[in-house]
Amino acid sequence: LLVLVLLPPAGGMAGADVVGRVILHLDADCFYAQVEHKRLGIPMDVPLAVQQWSGLIAVNYAARAKGVGRFMNAQEAKKACPEIQLVHVELIGEKDDP
């Protein structure tokens, strides 16, 4: 999700050559889930969450619609949405091995 809002300068637009402010909102949480969809070849309409150990760190919109939220644990997510695909983050280096 990307939202861009352009706001006029505080004094109004008369004689202004520039826009006052730009507000940008990027849903990086869902972006991370979309990257995993693409990497693993999972269709975008399938509920998916990225987990790190037992906690969820990214949740797509299909899973959110079924009541799954970020920071839920994997067991709670499976209860709320039995069809969810739980993808574990890649572990790199021996310090990261569980």
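Note that the structure is predicted; figures quoted are calculated from it, not measured.

1. A look at the overall build of the chain
The helix and strand inventory of the chain stands at three helices and five strands. Secondary structure of the chain in N-to-C order comes out as β-β-α-β-β-α-α-β. Burial analysis of the chain (98 residues in total) assigns 26% to the buried set. Here the contacts in the chain between residues at least 6 apart in sequence split such that 38% fall between residues at least 24 apart.

2. Remarks on the nonpolar core
Counting residues in each nonpolar core, the largest one holds nine residues, listed as Ala 49, Leu 56, Val 59, Ala 63, Val 68, Met 72, Ala 77, Cys 81 and Ile 84. Other than its neighbours up to four places away in sequence, Leu 56 contacts Ala 49, Val 50, Gln 51, Val 68, Gly 69, Arg 70, Phe 71, Met 72, Ala 74, Ala 77 and Leu 86. Residues Ile 42, Leu 48, Ala 58 and Val 89 belong to the second largest nonpolar core, which totals seven residues.

3. Some words on the side chain of Glu 36
For Glu 36, the location among the structural elements is in helix α1 (residues 28-40). With residues near it in sequence (within four places) discarded, Glu 36 still touches Leu 48, Val 50 and Val 87.

4. Describing the confidence of the model for the chain
On average, residues of the chain score 81 in pLDDT, and 72% of them reach the 70 mark or higher. At the level of individual helices and strands, the chain shows its lowest average pLDDT in strand β1 (residues 2-7), which scores 62, and its highest in helix α3 (residues 74-80), which scores 96.

5. As for unusual backbone geometry
Despite not being glycine, Trp 53 has its phi angle at roughly 55°, a positive value. In this fold, Trp 53 is placed in the loop between β3 (48-52) and β4 (55-59). The partly exposed category is assigned to Trp 53, whose relative accessible area is 41%. Unusually for a residue other than glycine, Phe 71 sits at a positive phi of about 75°. Take Phe 71: its relative accessible area is 65%, and that puts it in the exposed class.

6. Focus on the environment of Ala 28
Assignment of secondary structure puts Ala 28 in helix α1. Accessibility expressed as a relative area gives 46% for Ala 28, which makes it partly exposed. Sequence separation between Ala 28 and Ala 58 is 30 residues; the distance between their C-alpha atoms is 8.5 Å.

Rules behind the numbers
- Residues numbered from 1 in each chain as written.
- Predicted model: local features only at pLDDT ≥ 70, side-chain atom pairs only at ≥ 80, totals over all residues.
- Heavy atoms only, no water.
- Helix = DSSP H or I, 4+ residues; strand = E, 2+ residues; numbered from the N terminus.
- Buried < 20%, exposed > 50% of the residue type's maximum accessible area, 1.4 Å probe, protein only.
- Contact = heavy atoms within 4.5 Å.
- Core = buried A, V, L, I, M, F, W, Y, C linked by side-chain atoms within 4.5 Å.
- pLDDT = per-residue confidence, 0-100.

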